[in-house]
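Next come the chains, spelled out residue by residue.
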Amino acid sequence: MSAPKEVFDMLTDYWKKNRDKREQENWPKSNTYVNHWKSPTYMVNVEKGTLRGGGQNLKRKIWNGVKPVLEEWTGMELEPSSMYGIRQYTEGAVLSPHADRNPLISSCIINVAQDVDEDWPLEVFGRDGLAYNVTMKPGDMVLYESHSLIHGRPFSLKGRY
């Protein structure tokens, strides 16, 4: 599905203004979710008030933009729990299949930007036990039950980010 246009436009604008201020994520040495020792990941945190346009106001606008879609999908009234920002994976990155910790029950990924040579699918194992590969382009949004469904990107990223 497509992300709400106003949310995608906000995120794209934020990315363009701040991508050069991205910060490398510091994963614990024992963490194997991402092969960070080979392919570092970076974050442009939406909560960071020192970045142009960042902070609680941006976070609130993003939440208010996606909340109706999430509530319609879940059939429940929701409260936000986590919103990291724009994560940038790099050439060769692999995200190991995993299930998220609580309170991340329902999750949303919005593809803001990419520079890839091949699609880099999100693999989600459905309740039927089958793996479903979901490819995304900028502007696409994926909703999934991240605490109960195994998901990841087990194929190496081919491209810059």
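One can find the structure itself at the top, above this paragraph.
The rules behind the values
- Residues numbered from 1 in each chain as written.
- Predicted model: local features only at pLDDT ≥ 70, side-chain atom pairs only at ≥ 80, totals over all residues.
- Heavy atoms only, no water.
- Helix = DSSP H or I, 4+ residues; strand = E, 2+ residues; numbered from the N terminus.
- Rg over C-alpha atoms; globule rule 2.2 N^0.38 Å.
- Buried < 20%, exposed > 50% of the residue type's maximum accessible area, 1.4 Å probe, protein only.
- Contact = heavy atoms within 4.5 Å.
- Areas by Shrake-Rupley, 256 points an atom, 1.4 Å probe, with all protein chains shown as cover.
- Lys, Arg positive; Asp, Glu negative; His and termini not counted.
- Charge placed at Lys NZ, Arg CZ, Asp CG, Glu CD.
- Core = buried A, V, L, I, M, F, W, Y, C linked by side-chain atoms within 4.5 Å.
- Expected span 1.5 Å × (residues − 1).
- Arc of directions from axis to C-beta.
- Salt bridge = Lys/Arg side-chain N within 4 Å of Asp/Glu carboxyl O.
- Pairing = 2+ DSSP bridges.
- Phe/Tyr/Trp six-rings, centres within 6.5 Å; stacked < 30°, edge-to-face > 60°.
- Lys NZ or Arg CZ within 6 Å of the ring centre and 35° of its normal.
- Polar contact = N/O pair within 3.5 Å; in protein donor to acceptor, adjacent residues only side chain to side chain.

**Quick word on the overall build of the chain**
Link 1 in the chain: A tally of regular secondary structure across the chain gives two helices and nine strands.
Link 2 in the chain: Ordered by position in the sequence, the α and β elements of the chain form the string α-β-β-α-β-β-β-β-β-β-β.
Link 3 in the chain: Computed over its C-alpha atoms, the radius of gyration of the chain comes to 15 Å, within 12% of the 15 Å expected for a compact globule of 161 residues.
Link 4 in the chain: With the C-alpha coordinates aligned to their principal axes, the bounding extent of the chain is approximately 40 × 35 × 30 Å.
Link 5 in the chain: Buried positions account for 40% of the 161 residues belonging to the chain.
Link 6 in the chain: Long-range contacts, defined here as pairs at least 24 residues apart, represent 73% of the contacts in the chain between residues at least 6 apart.
Link 7 in the chain: For the chain, the accessible area works out to roughly 9,300 Å², and carbon and sulfur atoms hold 51% of it.
Link 8 in the chain: Charge centroids of the chain, computed over 21 positive and 21 negative side chains, lie 7 Å from each other.

**Here's the deal with the nonpolar core**
Link 1 in the chain: Ranked by internal contacts, the top residues of the largest apolar core, which has 21 residues, are Leu 11, Tyr 14, Val 46, Ile 62, Val 66, Ile 86 and Ile 110.
Link 2 in the chain: Put simply, the parts of the chain that give this core at least two residues each are helix H1 (5-18), helix H2 (56-74) and strand S8 (141-144).
Link 3 in the chain: Apart from residues no more than four positions distant in its own chain, Val 46 is found in contact with Leu 11, Tyr 14, Gly 54, Gly 55, Leu 58, Ile 62, Met 83, Tyr 84 and Gly 85.

**Comments concerning H1**
Owing to its 3.6 residues per turn, the α-helix brings residues three or four apart onto one side.
Link 1 in the chain: For H1, which comprises 14 residues, the first-to-last C-alpha distance of 20 Å matches the rise-based estimate of 20 Å (1.5 Å per residue) to within 8%.
Link 2 in the chain: Within H1 the residues assigned to the buried category are Val 7, Phe 8, Leu 11, Thr 12, Tyr 14, Trp 15 and Asn 18. Across the axial projection of H1, the buried residues extend over an arc of 165 degrees, all falling on one side. Of the exposed residues in H1, those oriented more than 90 degrees away from the buried face are Lys 5 and Lys 16.
Link 3 in the chain: Against strand S2 (42-45), H2, strand S3 (85-88) and strand S5 (107-110) lie the buried residues of H1.

**What to know about the pattern of salt bridges**
Any two side chains of opposite charge can pair, given that their charged atoms come close.
Link 1 in the chain: The full count for this structure, using the stated rule, is eleven salt bridges.
Link 2 in the chain: For Glu 47, the salt bridge identified is with Lys 59, shortest N-O distance 2.4 Å. On the criterion of sequence distance, the pair formed by Glu 47 in the loop between S2 and H2 and Lys 59 in helix H2 is long-range, its members being twelve residues apart.
Link 3 in the chain: Among the residues examined, Lys 59 registers a relative accessible area of 19% and is labelled buried.
Link 4 in the chain: Each of Asp 115, Asp 117 and Arg 160 takes part in salt bridges that share partners, so that together they form one network.

**Here we look at the sheet that holds S3**
Link 1 in the chain: Taken in spatial order, the three strands line up as S1-S2-S3 in an open sheet, and their pairing is antiparallel. One side of each edge strand has no neighbouring strand; the edge strands of this open sheet are strand S1 (23-24) and S3.
Link 2 in the chain: Inspection of the sheet shows S1 paired to S2 by two bridges, in the antiparallel sense. Along S2, the bridge assignment pairs Glu 23 with Met 43.

**Focus: the packing of aromatic side chains**
Link 1 in the chain: This model, assessed by the stated rule, comprises two aromatic pairs.
Link 2 in the chain: Between the aromatic rings of Trp 15 and Tyr 161, the centroid separation amounts to 6.1 Å while the plane-to-plane angle is 50 degrees, which identifies the pairing as tilted. With Trp 15 in helix H1 and Tyr 161 in the segment after strand S9 (151-153), this pair connects stretches of sequence that are 146 residues apart.
Link 3 in the chain: Of the residues examined, Trp 15 reaches a relative accessible area of 5% and is grouped as buried.
Link 4 in the chain: Between Arg 22 and the ring centre of Tyr 42, over which it is positioned, the NZ or CZ distance is 3.6 Å.
Link 5 in the chain: Against the face of Tyr 84 rests Arg 87, its NZ or CZ located 5.8 Å from the ring centre.

**Considering the environment of Tyr 132**
Link 1 in the chain: For Tyr 132, the location among the structural elements is in strand S7 (residues 131-134).
Link 2 in the chain: Of the residues examined, Tyr 132 reaches a relative accessible area of 40% and is grouped as partly exposed.
Link 3 in the chain: Put simply, Tyr 132 and Leu 122 are ten residues apart on the chain and 8.1 Å apart in space, counted from C-alpha to C-alpha.
Link 4 in the chain: Excluding residues within four positions of it along the chain, Tyr 132 makes contact with Leu 122, Glu 123, Val 124 and Gly 126.
Link 5 in the chain: Side-chain polar atoms of Tyr 132 contact the side chain of Asp 128, separated by 2.4 Å.

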